[in-house]
Amino acid sequence: MSEPGWVRWSYWPKVGPVESGRMPRKKMQENLQRFEVEARKLLAETGADHVLYGRKLYNDDGELDELRFYLIPMSDEEFEERVVPLKNQQVYTIHKMK
């Protein structure tokens, strides 16, 4: 279990090593917003249907276990296959307006 007031985080780039650490819980929203801005740019640049930019992973007791950051463009098929089945998580994505 993580220290009160802190949360484990990791960044999973498409290429390169995973970065990780701890951050104050009060900084979570600010960091998610930074990734959302980049995800919107990536959506426009790539023409993807979706861009996954974050996930909050919860343990079996429903407590936040880790915050993960991504910048992964996806097609509808990839999103259905990789994101829709996830459980015990809050997923942060942006979607192309259709």
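In case you missed it, the structure is sitting above this.
(A) Spatial organisation of the overall build of the chain. Check the secondary structure of the chain and you find 2 helices and 5 strands. Taken from the N to the C terminus, the helices and strands of the chain come in the order β-β-α-β-β-α-β. Computed over C-alpha atoms, the radius of gyration of the chain comes to 14 Å, within 12% of the 13 Å expected from 2.2 N^0.38 for 98 residues, which places it in the range of a compact globule. Reported as C-alpha extents along the three principal axes, the dimensions of the chain are approximately 40 × 25 × 25 Å. For the chain, with 98 residues in total, the buried portion stands at 37%.

(B) Seen up close, the side chain of Asp49. Position of Asp49 among the secondary structure elements: in the loop between α1 (28-46) and β3 (50-58). For Asp49, the side chain forms a polar contact with the main-chain nitrogen of Asp76, separated by 3.0 Å. The residues contacting Asp49, other than those within four sequence positions of it, are Leu43, Met74, Ser75, Asp76, Ile94, His95, Lys96 and Lys98.

(C) Inspection of the pairing of strand β1 (residues 6-11) at higher detail. Bridge count for β1 against strand β2 (residues 19-24) is 6 bridges, and the pairing is antiparallel. Paired with Val7 across the two strands is Met23, which belongs to β2. Note that β1 and strand β4 (residues 64-74) share 3 bridges and pair parallel. Bridge pairing links Ser10 to Arg68 in β4.

Each value, and the rule that gives it
- Residues numbered from 1 in each chain as written.
- Predicted model: local features only at pLDDT ≥ 70, side-chain atom pairs only at ≥ 80, totals over all residues.
- Heavy atoms only, no water.
- Helix = DSSP H or I, 4+ residues; strand = E, 2+ residues; numbered from the N terminus.
- Rg over C-alpha atoms; globule rule 2.2 N^0.38 Å.
- Buried < 20%, exposed > 50% of the residue type's maximum accessible area, 1.4 Å probe, protein only.
- Polar contact = N/O pair within 3.5 Å; in protein donor to acceptor, adjacent residues only side chain to side chain.
- Contact = heavy atoms within 4.5 Å.
- Pairing = 2+ DSSP bridges.

Such coordinate-based values are descriptive only and should not be taken to indicate function.
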